[in-house]
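Given next are the chains, with one letter for each unit.
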Amino acid sequence: HLHTRNRDLGEVWLQTRISNDTDVDMIMWALREDVVKRAKEQTVNLEHELDSAGLHMTRLLIVHGPGPTEPIPWQAPQQGSLIDIQT
């Protein structure tokens, strides 16, 4: 989970889940309409970048509006590890 506020993007939330070692599921929330538009325009580029890293975009949902006040519940995989970074 990532939540940031900066001059260029405004307030943005990002939730990313990786499953089956290579499947990437992402949800992005942004308050500014121009940031949502830019994100949607760059979707194909993101998919290419992930593909070049051996990852597969299973879902990318971009929402114009505030993100969750609490992180969406996450369940640990049966195998693997988790790195939880709070900035």
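These lines cover the structure that appears in this document, whether it is placed above or below. In every chain, residue numbers begin from 1 and rise along the written sequence. Note on the predicted model: pLDDT of at least 70 is required for a residue's local features to be given, and 80 or more for side-chain atom pairs to be given and counted; whole-chain, interface and lining totals, by contrast, use all residues. Only heavy atoms go into the side-chain values, all of them from the structure, while hydrogens and water stay out.

### Concerning the pattern of salt bridges
1) Next: Note on definitions: salt bridges are taken to be side-chain nitrogens of Lys or Arg within 4 Å of carboxyl oxygens of Asp or Glu. Under the counting rule described, the total for this entry stands at three salt bridges.
2) Next: Between Glu11 and Arg5 there is a salt bridge whose closest N-O contact spans 3.1 Å.
3) Next: Glu11 gets classed as buried once you look at its relative accessible area, which sits at 19%.
4) Next: Arg32 serves as the salt-bridge partner of Asp34, at 2.8 Å between the closest nitrogen and oxygen.
5) Next: Using a relative accessible area of 36% as the deciding quantity, one classes Asp34 as partly exposed.
6) Next: Relative accessibility decides the category of a residue: with a 1.4 Å probe and only protein chains considered, values under 20% of the type maximum give buried, values over 50% give exposed, and everything between is partly exposed. Its relative accessible area of 29% is what places Arg32 among the partly exposed residues.

### A word on the environment of Leu31
1) Next: The way it works is that DSSP assigns letters per residue, a run of H or I at least four long becomes a helix, a run of E at least two long becomes a strand, and they are numbered from the N terminus. As for its placement among the helices and strands, Leu31 is situated in the loop between β3 (23–30) and α1 (33–41).
2) Next: You can call Leu31 partly exposed: its relative accessible area is 39%.
3) Next: Sequence spacing of Leu31 and Glu11 is 20 residues, and the spatial spacing of their C-alpha atoms is 5.9 Å.
4) Next: Here a residue-residue contact requires only that any non-hydrogen atoms of the pair lie within 4.5 Å. Filtering out sequence-adjacent residues up to four positions away, Leu31 remains in contact with Glu11, Trp13, His64, Gly65 and Pro66.

### A look at the nonpolar core
1) Next: Working definition of a nonpolar core: buried Ala, Val, Leu, Ile, Met, Phe, Trp, Tyr and Cys residues. They are joined through side-chain atoms within 4.5 Å. Counting seven residues, the largest nonpolar core is built from Val12, Met28, Ala30, Val35, Val36, Ala39 and Ile62.
2) Next: Contributing elements (two or more residues each) for this core: β3 and α1.
3) Next: Element by element, the count of residues in this core is highest for α1, at three residues.
4) Next: When sequence neighbours within four positions are dropped, the list of residues in contact with Ala30 reads Glu11, Val12, Val35, Val36, Val63, His64 and Gly65.

### What to know about α1
1) Next: For α1, every residue scored as buried is listed here: Val35, Val36 and Ala39. One face of α1 carries all of its buried residues, which in axial projection span an arc of 100°. The exposed residues of α1 that point more than 90 degrees off its buried face are Glu33, Lys37 and Lys40.
2) Next: Where α1 is buried, its residues contact β2 (10–19), β3, α2 (43–52) and β4 (56–64). In this description, one arc is meant: the one made by directions from the helix axis to the C-beta atoms.

### A closer look at the sheet that holds β2
1) Next: At least two bridges found by DSSP between two strands are what make those strands a pair. The sheet built from four strands is open, its strands ordered β1-β2-β3-β4 with mixed pairing. The open sheet has two free edges, formed respectively by β1 (2–6) and β4, since each of these has just one partner strand. Geometrically, the sheet is characterised by an average inter-axis angle of 15° between neighbouring strands, direction not taken into account.
2) Next: Judged from the eight bridges that link them, β3 and β4 form a sheet pairing that is parallel. If you follow Met26 over to β4, its bridge partner there is Leu60.
3) Next: Helix-sheet contacts for α1 involve β2, β3 and β4, and the interaxial angle to β4 is about 160°.
4) Next: To get an axis, a line is fitted to the C-alpha atoms, and for a helix only the part in contact is used. The angle between two axes follows their N-to-C directions and goes from 0 to 180 degrees. Strand contacts of α2: β3 and β4, with the helix running at about 150° to β4, the strand carrying the most contacts.

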